[in-house]
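Chain residues, written in single-letter form:
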Amino acid sequence: MTDIPATPAQPAESPHTAGLRKAVRLGAVALVVLTVISAAAWTAVDGTPGLWGALMGAAVGGAFVLTTAIVVIATAHSAPQTTAAVVLGTWLVKLLAAMGVVAALSRFDFYSRPAFAVTVIAALIVVLAGETWAVLKTRAPYVEPDAG
């Protein structure tokens, strides 16, 4: 078996991003579980508007948190300053996008506002907790020995 060097089109699997990759997977699983539970609960409470509110709330809240880990993984092989600039830029874009979505949805009444708000907050908490737990439980070396 030969080792194929990493190319820009095929980034190397780094032990430094193992925790973040695990965090994205666990955060996505937590989001799916929350979405199913929230959709069922809010459908029982508010009917179809509750379902729409829960689905949109999970999408907005989950995307807001998961995007950060994905961006950090994508820029893991860049300079720290580049990663910081990209993370800050995407945070600003996410904030403006979330405000735009909420502003655009405010004029519609096909969804339950309480279902949307509660699910957004729950998604933020659940996905962030899942990501945090995954990063804390991932074992990765602090240093990589030379290949020589």
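Definitions and limits used
Residues numbered from 1 in each chain as written. Predicted model: local features only at pLDDT ≥ 70, side-chain atom pairs only at ≥ 80, totals over all residues. Heavy atoms only, no water. Helix = DSSP H or I, 4+ residues; strand = E, 2+ residues; numbered from the N terminus. Buried < 20%, exposed > 50% of the residue type's maximum accessible area, 1.4 Å probe, protein only. Contact = heavy atoms within 4.5 Å. Areas by Shrake-Rupley, 256 points an atom, 1.4 Å probe, with all protein chains shown as cover. Patch = residues over 30% accessible without salt bridge, like charges linked within 9 Å, V, L, I, M, F, W, Y side chains within 5 Å. Salt bridge = Lys/Arg side-chain N within 4 Å of Asp/Glu carboxyl O. Expected span 1.5 Å × (residues − 1). Core = buried A, V, L, I, M, F, W, Y, C linked by side-chain atoms within 4.5 Å. UniProt positions renumbered as here; feature names shortened; annotations may be inferred. Phe/Tyr/Trp six-rings, centres within 6.5 Å; stacked < 30°, edge-to-face > 60°. Lys NZ or Arg CZ within 6 Å of the ring centre and 35° of its normal.

The name given to the protein in an unreviewed UniProt entry is ATP synthase protein I, with Dietzia cercidiphylli as the source organism.

A. Local environment of the overall build of the protein. Broken down by element type, the protein carries four helices and zero strands. Reading the protein from its N terminus to its C terminus gives the helix and strand order α-α-α-α. Residues classed as buried in the protein amount to 28% of the 148 residues present. Once local pairs closer than 6 in sequence are excluded, the contacts in the protein between residues at least 24 apart make up 78%. Accessible surface for the protein amounts to roughly 9,500 Å². Of this, 73% is attributable to carbon and sulfur atoms.

B. Here's a closer look at a nonpolar patch on the surface. A contiguous nonpolar surface patch, about 600 Å² in accessible area, is contributed by Leu88, Trp91, Leu92, Leu95, Leu96 and Met99. Mapped onto the fold, Trp91 is located in helix H3 (residues 80-105).

C. Structural context of helix H1 (residues 18-46). Here H1 spans 41 Å end to end across 29 residues, near enough to the 42 Å set by a 1.5 Å rise per residue. Burial in H1 covers these residues: Gly19, Ala23, Val24, Gly27, Ala30, Leu31, Leu34, Thr35, Ser38, Ala39 and Trp42. The inward-facing, buried residues of H1 abut helix H2 (48-74) and helix H4 (113-137). Positive backbone phi, at 75°, marks Gly47, one or two positions downstream of H1.

D. Examining the nonpolar core more closely. Membership of the largest hydrophobic core is limited to seven residues, which are Leu31, Leu34, Ala58, Val65, Leu66, Ala123 and Val127. Mapped by element, the contributors of at least two residues to this core are H1, H2 and H4. Examining the composition of this core, we find that three residues originate from one element, H2, more than from any other. Listed in part, the five residues of the second largest apolar core include Met56, Tyr111, Phe116 and Val120.

E. Focus on the UniProt feature "transmembrane region" (unreviewed entry) in the protein. Mapped onto the present numbering, the UniProt feature "transmembrane region" (unreviewed entry) falls at residues 23-45, 51-74, 86-108 and 114-136. When the span residues 114-136 is considered, its composition is 100% helix and 0% strand, and the gap between its end C-alpha atoms is 33 Å.

F. Spotlight on the packing of aromatic side chains. Throughout the structure, instances matching the rule amount to four aromatic pairs. Aromatic side chains Trp52 and Phe110 sit 6.1 Å apart centroid to centroid with 80° between the ring planes, which places their arrangement in the edge-to-face category. A residue pair is termed long-range when its members are at least 10 positions apart, and Trp52 in helix H2 and Phe110 in the loop between H3 and H4 qualify at 58 residues. Since its relative accessible area comes to 36%, Phe110 is described here as partly exposed. Geometrically, the ring pair formed by Phe110 and Tyr111 is edge-to-face, given 5.4 Å between the ring centres and 65° between the ring planes. Owing to a relative accessible area of 7%, Tyr111 belongs among the buried residues under this scheme. Seen from the ring of Phe64, Lys94 lies directly overhead, with NZ or CZ sitting 4.8 Å from the centre.

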